[in-house]
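# What the coordinates show
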Amino acid sequence: MAPKIESQAVEGIHECDVISAAFYDNTLYTGGDDGYIKSWRSDLSGCTSTWKAHDYVVYDLAVNPANGDLYSCSLDGAIIQWRPGSTGAVLVNSATQTGPSGKGADLAGLGDSGGLEDTPTTVRRLFWRGNHLYSADELGSVCRWTPDLKLTMKKEYFTEIWSLFVNESETLVYTARDNDVVIAAISPKDEGDIDPTVQVTGNIPGRSPALANKDDSVTVCVSRSGLEIEVWRRAGNSREKFQKLTDHDMIVNCVLLNEAEDLISAGWDAKLNFWKRENDGSYSLANTVKVESYVNVLCYGLNCVYACGKRGYIVKISTQ
């Protein structure tokens, strides 16, 4: 069945751009430019709760799949752990990602900065993998946190980060801005090792977003121009460009990769492109769905994908 728009959020929408989204247990969570988080029924028939999460834009959201706790980040360096309920959410823990010295982070929820005088830095990305929350900021730091926001790793190895992806074994971190994708190996993974060894294993000329398949044999990113999607294959210790996908007229903001390694892309040209992975590993354009807004963020749901954009625009697009 060809993908199609199934529903659109109408009541209780954000009064600003929707910047971030996450899905858990038939609930869609969205974060706005105004610092508010909203929860939605999976069919978008209604907003079930709204709460003020930050004083600034909610840059990203992540969910702990073990218990449904929601994490948000913002311009002020705050990372907050929320426990959503039927009428809102309870603040469980908070932490502050700091820079530029890289000496540590202020666990704001405990009111103890450890004597550090580092300045909070804008946290742009969150990513959940295994039993860890990863965060990345505009000064190039990548942090790893326990579920209750205790810092277990901090590395200042990267330039400003717009995109963050961690592989399934938590041994490779992919970061990107608008010029290069940096692939770094991190070891060991011990909880108490706050300063593990980091080694860059690859650089790809491309821009955010960047992600990889399950076995790290394929890396997908946006080209430096922002208009194409590039597929790179691992070749020994390096990576070689395998294919360039060209059907967007404006900057690509979002790329998703599903279990079958099919791709979905969207951006400023107000359309979603659905790319099918062929038997030889190449991609062909299978379908296009036009929407009424540029797309800031894509989020998988149950047999669907949500596209979010300007002035509260959220649509549910069926994929099966």
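Residues numbered from 1 in each chain as written. Predicted model: local features only at pLDDT ≥ 70, side-chain atom pairs only at ≥ 80, totals over all residues. Heavy atoms only, no water.

## A closer look at the sheet that holds strand S14 (residues 141–145)
Read across the sheet, four strands follow the order S12-S13-S14-S15 without closing on themselves; strand pairing throughout is antiparallel. For this open sheet the edge positions go to strand S12 (123–129) and strand S15 (151–156), each flanked by a neighbour on one side alone. Direction aside, neighbouring strands of the sheet carry axes that sit 15° apart on average. Of the pairings in the sheet, the one linking S14 to S15 comprises five bridges and is antiparallel in character. When the bridges of S15 are listed, cysteine 143 appears paired with lysine 154. (Pairing = 2+ DSSP bridges. Helix = DSSP H or I, 4+ residues; strand = E, 2+ residues; numbered from the N terminus. Axes fitted to C-alpha atoms, helices over the stretch in contact; angles between N-to-C directions.)

## Comments concerning the packing of aromatic side chains
Enumeration according to the criterion identifies six aromatic pairs in this entry. Here phenylalanine 127 and phenylalanine 165 contribute two aromatic rings whose centre-to-centre distance is 5.2 Å and whose plane-to-plane angle is 65°, an arrangement assigned as edge-to-face. One end of the pair, phenylalanine 127, is in strand S12; the other, phenylalanine 165, is in strand S16 (residues 163–166), with 38 residues separating them in the sequence. A relative accessible area of 17% places phenylalanine 127 in the buried class. A relative accessible area of 10% places phenylalanine 165 in the buried class. Members of the aromatic cluster, each reached through a chain of ring pairs, are Phe127, Phe165 and Tyr174. Over the ring of phenylalanine 242 we find arginine 233; its NZ or CZ atom is 3.6 Å from the centre of that ring. (Phe/Tyr/Trp six-rings, centres within 6.5 Å; stacked < 30°, edge-to-face > 60°. Buried < 20%, exposed > 50% of the residue type's maximum accessible area, 1.4 Å probe, protein only. Lys NZ or Arg CZ within 6 Å of the ring centre and 35° of its normal.)

## Overview of the pattern of salt bridges
Considering all chains together, one arrives at 13 salt bridges under this definition. With a closest N to O distance of 2.9 Å, lysine 214 and glutamate 259 form a salt bridge. With lysine 214 in the loop between strand S20 (207–212) and strand S21 (218–222) and glutamate 259 in the loop between strand S24 (252–257) and strand S25 (263–267), the pair connects residues that are 45 residues apart, well separated along the chain. What emerges from the salt-bridge pattern is a single network uniting Arg124, Glu138, Glu160, Arg177 and Asp178. (Salt bridge = Lys/Arg side-chain N within 4 Å of Asp/Glu carboxyl O.)

## So, unusual backbone geometry
Look at the link from serine 208 to proline 209: it is a cis peptide, with omega at 0°. Within the chain, alanine 270 stands out as a residue other than glycine whose phi angle is a positive 60°. Tracing the sequence through the fold places alanine 270 in the loop between S25 and strand S26 (271–277). Of the residues examined, alanine 270 reaches a relative accessible area of 18% and is grouped as buried.

## Some details on the confidence of the model for the protein
Averaged over every residue, the pLDDT of the protein is 90; the share at 70 or more is 91%. In this model, residues 101–117 is a region of pLDDT below 50 whose contacts with residues beyond four sequence positions or in other chains number 31 contacts. (pLDDT = per-residue confidence, 0-100. Contact = heavy atoms within 4.5 Å.)

## As for the environment of glutamate 11
Along the polypeptide, glutamate 11 turns up in the loop between strand S1 (4–8) and strand S2 (18–24). Separated by 132 residues in sequence, glutamate 11 and cysteine 143 have C-alpha atoms that sit 37 Å apart. In this structure glutamate 11 touches Trp40 and Cys47, once residues within four positions along its chain are discounted.

## Things to note about the pairing of S2
Each regular strand shows side chains that alternate between the opposite faces of the sheet. Bridge analysis of S2 against strand S3 (residues 27–32) gives six bridges, and the strand direction is antiparallel. Paired with serine 20 across the bridge in S3 is glycine 31.

## Observations regarding the nonpolar core
Nonpolar side chains tend to gather and get buried jointly when the protein is soluble and globular. By size, the foremost hydrophobic cluster in this structure holds 36 residues, and its most contacted members are Leu164, Val181, Val220, Val255, Leu263 and Tyr283. Apart from the residues lying within four places of it in its own chain, the contact partners of valine 255 are Pro209, Leu211, Val220, Val222, Ile229, Leu263, Ile264 and Ser265. Membership of the second largest hydrophobic core comes to 16 residues, among which are Ile264, Leu272, Val295 and Ile317. (Core = buried A, V, L, I, M, F, W, Y, C linked by side-chain atoms within 4.5 Å.)

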